[in-house]
Amino acid sequence: MANRLAHESSPYLRQHAENPVDWWPWGREAFEEARRRDVPVLISIGYSSCHWCHVMNRESFQDPHTANVINATCVPVKVDREELPAVDAIYMSALQAMRGQGGWPLTAWADHDGRPFYAGTYFPPRPVQNQPSFEQVLRAIDETWRHRRDEVSGIAGSLTERIAQQSRIAEARTPDGQALPVPGETELQAAAEQLLDQIDLEHGGFGPAPKFPPPMTLIQLLRHHARTAETGQRSDSLDVVALTMRQMAAGGIHDHLTGGFARYSVDREWVVPHFEKMLYDNALILRAAVDWWRAENELDPGSGNADLARYLIEQTAGFLTSGFRLDCGAFAASFDADSELPAACEDEGEAHRGNTPPHGEGAFAVWSRQDLDEVLGADAGWAAEFLAVTEEGTFEHGRSVLQMPALRDLDGPRGQRAGTRPWENPRWLSVRDRLLAARERRPQPARDDKVLTSWNALAVTALIHAAQALQRPDWMQTARDAQSYLLRTHWRQGLLARASLEGSVGGDGVLEDYAALAVSAATLYSAEGDPEHLRTARELIVAALERFVETGEDGDGASRIFDAPDDGLLVVRISDSNDTAVPSGRALLAEAAGMLAGLLSADDPLAARLTALREDALRGFLIFALKAPRGGSWGLAQAETRAAGDPRLASRSPALRRLGWETPSPGLLIDPEPEELPEEQRRAAVLCRDRTCGLPITAPDVLAAALRGSV
């Protein structure tokens, strides 16, 4: 018999609808029931493509005995972190405060007011080494709740205060209450130098395993390069980006058959991915690839780096428009890491019960030498070397993840070595098609068809940049279709929904949703000049101001910016500058405010307010510039744009605007309907900084030279 989750909009919650656990969705009713029964609330947070969430579901939540213990000792609440990021942020903060790190599934216990007092991640069904079983934890918490309530209350109070203190840090004030300054040239240089010191000089990226793609940090470095490098010269920042993109492109984290990137690599060499694919990763990597192509193409249009950047744009945009795209025109959220194993491999999967089919992480995406022999015949040996498929295997059980090591060595202009790039090799194209056909016959990972506003908006913005840079009208149409769906389905009567499934909306939008959709609307306006897009961006930013921004009452008048609306259930109203897997809401608000301030008329009162708002939003990134730039890369990228004087190319000429889309810059804004140029000067362009513009330019070569020298 289905539980309360059967009619929820989240596919992740629906996956638990047949559990014997008496699940409740997040809401006031669950806490009232806990108060009535005088038991704690168990808050289980995950997402549809989470591998260990599936494991815990199979091992514990589908087990009748464990379910009975859960139902008897607490009120269980299931949360999709992608639909309720503010809820996830609070209990993740508690988990990190208690254990020093976080992850999913997130398993937390809270009192009747929602204050957390204990948290963990995955709990096994039986004790393993020093880790207790889930049942042991449940019974221990029940015992503590019933007999040591004062201790529980004390822990809950201290944890909640710690979360509140973390939120107050984002307000960016000195100990005496004064607003901090916005990161300037000195701080941005310090941030770039820290990143250069932290790079993995052998494999690219940052930090040890597991290693995550860092597209937001790469974009920050690319803007720093565009702002500070000598004209026509490489910089250390650009070299770091090139190293990282080459290594990621060559590794198993990159799907060489369809394009697209997995969420992270379990090793520092980018060889074995955690096989789930997320929309936000691929959107942000696409945006980084476009900026990388602009920089490399400007320096040497025929270089291996420029060609690889273009290839990654085509691959990643292609996967967005094929794999992620839904019939409605929007984009799905993710693909699972797990897929059903072929029957011959069932003994290699995890233990399973009853009629649950065996699953294996990455089962559809790995290959043995025997697999290649069966599919490719005489080409198997060549393919094994080209794709780094070994007899021992780079993954598990003699299977390998496909790599393309040749992408790590693309020096020199086109044709200097082999005459074609590795991805253009006719033999590879034949092998790719046959491997892809064989893979399509395997059980496929599930796709989460939930449409998330901010993730879709990030994809729309990235596709617009890619389409304009490479002149791909098909990608522009895909971006329009997705934006249209979001506005038609998620944006109603001044309120924005967080998510939808098959057209049914669920959850209130948070700051990142409003800001990201305002950015995509403004970017669409920059590309097409339709004033309706600018009006939409304006309406979204005004709605965001009303729901998430409180004007400061202190002497400096600095605003307070919150990540989510006050729903009466959140124990702390989060205000956070940290980027997570996506840019922080505060950083996206700074981006949207900067764009709108530049596109609106100078005498529009909202333009001045948005300029001040961006200053308030960016103050929260000073600490990141000085101590931890990777934690606030998107905000620091916006600070790079500000430090460059907010460069703007204003022109009604599509041909002249196209030069702006192709040029590397620290965030060049394209204005298709400039007030600085009269209507009769439709074939002219002006370059502006800090709303001070140069003389009109009509010659494309003169404009190209001006762009190279001024942005």
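The rules behind these values
Residues numbered from 1 in each chain as written. Predicted model: local features only at pLDDT ≥ 70, side-chain atom pairs only at ≥ 80, totals over all residues. Heavy atoms only, no water. 1 Å grid on protein atoms, 1.4 Å probe; cavity = no way out; pocket = protein on both sides within 12 Å on 5 of 7 lines; lining within 4 Å. Points joined across faces, edges and corners; volume = space filled by probe spheres on them. Helix = DSSP H or I, 4+ residues; strand = E, 2+ residues; numbered from the N terminus. Core = buried A, V, L, I, M, F, W, Y, C linked by side-chain atoms within 4.5 Å. Buried < 20%, exposed > 50% of the residue type's maximum accessible area, 1.4 Å probe, protein only. Contact = heavy atoms within 4.5 Å. Pairing = 2+ DSSP bridges. Axes fitted to C-alpha atoms, helices over the stretch in contact; angles between N-to-C directions. Parallel < 35°, antiparallel > 145°, perpendicular 65-115°, else oblique. Left-handed = near helix turned anticlockwise from the far one by under 90°. Nonpolar A, V, L, I, M, F, W, Y, C, P; charged D, E, K, R; others polar. Disulfide = S-S within 2.5 Å. Salt bridge = Lys/Arg side-chain N within 4 Å of Asp/Glu carboxyl O. pLDDT = per-residue confidence, 0-100. Phe/Tyr/Trp six-rings, centres within 6.5 Å; stacked < 30°, edge-to-face > 60°. Lys NZ or Arg CZ within 6 Å of the ring centre and 35° of its normal.

Caption draft 1: Seen up close, the layout of surface pockets. By volume, the second largest pocket amounts to about 800 Å³. Gly594, Thr641, Asp646, Gly667 and Leu669 are the residues nearest the centre of the second largest pocket, which is lined by 45 residues in total. Top element by residues in the lining of the second largest pocket is helix 20 (residues 585–599). It accounts for seven residues.

Caption draft 2: The nonpolar core, seen in detail. Ranked by internal contacts, the top residues of the largest apolar core, which has 181 residues, are Trp292 and Leu610. If near-sequence neighbours (up to four positions away) are discounted, leucine 610 is found in contact with Ile541, Leu545, Ala593, Leu596, Ala597 and Leu600. The next biggest cluster of nonpolar side chains, apart from the first, holds 33 residues, and it includes Ala34, Val75, Ile90 and Leu95.

Caption draft 3: Up close: the sheet that holds strand 1 (residues 24–25). Pairing in this open sheet of five strands is mixed, and the strands run 1-3-2-4-5 from one edge to the other. Across the chains shown, the open sheet's two edge strands, defined by having one partner strand only, are strand 1 and strand 5 (116–120). For strand 2 (residues 41–46) and strand 3 (residues 75–80), the ladder comprises six bridges, and the chain directions are parallel. In the strand pairing of strand 3, leucine 42 is matched with proline 76. Sitting on the sheet, helix 2 (residues 28–37) touches strand 1, strand 2 and strand 3, and the angle it makes with strand 3 is about 160°.

Caption draft 4: View of the packing of helix 9 (residues 215–228) against helix 11 (residues 279–299). For the pair helix 9 and helix 11, interaxial distance at closest approach is 9 Å and the crossing angle is 25°. Considering their axes alone, helix 9 and helix 11 lie roughly parallel with respect to each other. Crossing of helix 9 against helix 11: the hand is left-handed. Each of Pro215, Met216, Ile219, Leu222, Arg223 and His225 in helix 9 lies in contact with helix 11, whose residues at this interface are Leu284, Ile285, Arg287, Ala288, Asp291, Trp292 and Ala295. Its residues assigned to classes, the contact of helix 9 with helix 11 comprises nine nonpolar, one polar and three charged.

Caption draft 5: Fine view of the sheet that holds strand 23 (residues 685–689). In spatial order, the strands read 22-21-23-24; together these four strands make up an open sheet with mixed pairing. With one partner strand each, in any of the chains shown, strand 22 (669–671) and strand 24 (692–693) form the two edges of the open sheet. Strand direction decides the pairing type here: strand 21 (residues 648–651) and strand 22, joined by three bridges, are parallel. Counted as the bridge partner of leucine 649 is isoleucine 670 from strand 22.

Caption draft 6: Structural context of the pairing of strand 23. Counted residue by residue, strand 23 has four buried out of five residues, so it is predominantly covered. Looking at chain direction, strand 23 and strand 24 are connected through two bridges and run antiparallel. Its bridge partner being in strand 24, cysteine 688 is matched across the sheet by cysteine 693. Linking strand 23 to strand 24, which pair antiparallel, is a turn of two residues; within it aspartate 690 sits at a positive phi near 50°.

Caption draft 7: Broad picture of empty space enclosed by the protein. Counting across every chain of the model gives three cavities of 30 Å³ or more. Empty space within the largest cavity amounts to approximately 150 Å³. Lining the largest cavity we find 16 residues, and of these Gly252, Asp255, Phe275, Ala365 and Arg439 sit closest to its centre. Within the lining of the largest cavity, the residues separate by chemical class into nine nonpolar, four polar and three charged.

Caption draft 8: The state of the cysteines, seen in detail. For the structure on display, the rule yields two disulfides. Note that cysteine 50 is cross-linked by a disulfide to cysteine 53, the S-S spacing being 2.3 Å. The disulfide joining cysteine 50 to cysteine 53 has a torsion of about 80° about its S-S bond and is therefore right-handed. Of the two residues, cysteine 50 and cysteine 53, both sit in the buried class. Paired by a disulfide, cysteine 688 and cysteine 693 hold their sulfur atoms 2.0 Å apart. The disulfide joining cysteine 688 to cysteine 693 has a torsion of about 100° about its S-S bond and is therefore right-handed. Accessibility expressed as a relative area gives 5% for cysteine 688, which makes it buried. Taken N- to C-terminal, the disulfide-bonded cysteines of the protein are connected 1-2, 3-4. Of all cysteine sulfurs, the one in cysteine 53 lies closest to cysteine 74, which takes part in no disulfide; the gap is 17 Å.

Caption draft 9: Broad picture of helix 3 (residues 51–61). Of all 11 residues making up helix 3, nine are buried, and the element is well covered by its neighbours. Taken as a whole, helix 3 has its buried residues at His51, Cys53, His54, Val55, Met56, Asn57, Arg58, Ser60 and Phe61.

Caption draft 10: How the structure looks around the pattern of salt bridges. In this structure the tally under the stated criterion is 46 salt bridges. For the salt bridge of aspartate 113 with arginine 35, the shortest nitrogen-to-oxygen distance reads 3.2 Å. Of this pair, aspartate 113 sits in the loop between strand 4 (106–110) and strand 5 while arginine 35 sits in helix 2, placing them 78 residues apart in sequence. Taking relative accessible area as the criterion, arginine 35 reaches 47% and is therefore assigned partly exposed. Taken together, the shared-partner salt bridges connect Asp80, Glu82, Asp448 and Lys450 into one network.

Caption draft 11: View of the confidence of the model for the protein. Summary statistics for the protein give a mean pLDDT of 92 and a share of 94% for residues scoring 70 or more. pLDDT under 50 marks residues 343–358. Its contacts with residues more than four places away, or in other chains, come to 22 contacts. Counting interchain partners and residues more than four positions distant, the pLDDT-below-50 stretch residues 412–418 has 12 contacts.

Caption draft 12: Spotlight on the environment of glycine 632. Among the secondary structure elements, glycine 632 is positioned in the loop between helix 22 (622–627) and helix 23 (633–643). C-alpha of glycine 632 to C-alpha of leucine 622: the two residues are 10 residues apart in sequence and 9.2 Å apart in space. For glycine 632, the contacting residues outside a window of four places in its chain are Asp579, Phe621 and Phe624.

Caption draft 13: Representation of the packing of aromatic side chains within the structure. Counted according to the given criterion, the structure contains 23 aromatic pairs. Here phenylalanine 319 and phenylalanine 335 contribute two aromatic rings whose centre-to-centre distance is 5.8 Å and whose plane-to-plane angle is 40°, an arrangement assigned as tilted. Remark: phenylalanine 335 occurs in strand 9 (residues 334–335) and phenylalanine 319 occurs in helix 12 (residues 304–324); sequence separation between them is 16 residues. On the basis of relative accessibility, which here comes to 14%, the residue phenylalanine 335 falls in the buried class. The structure contains a cluster of three or more aromatic residues connected by ring pairs, namely Trp23, Phe61, Trp109, Tyr118, Phe123 and Phe134. Of note, arginine 81 hangs over the ring of tyrosine 47, and the distance from its end group to the ring centre comes to 5.6 Å. Across from the ring centre of tryptophan 367, 4.0 Å away, lies the NZ or CZ of arginine 442, which sits over that ring.

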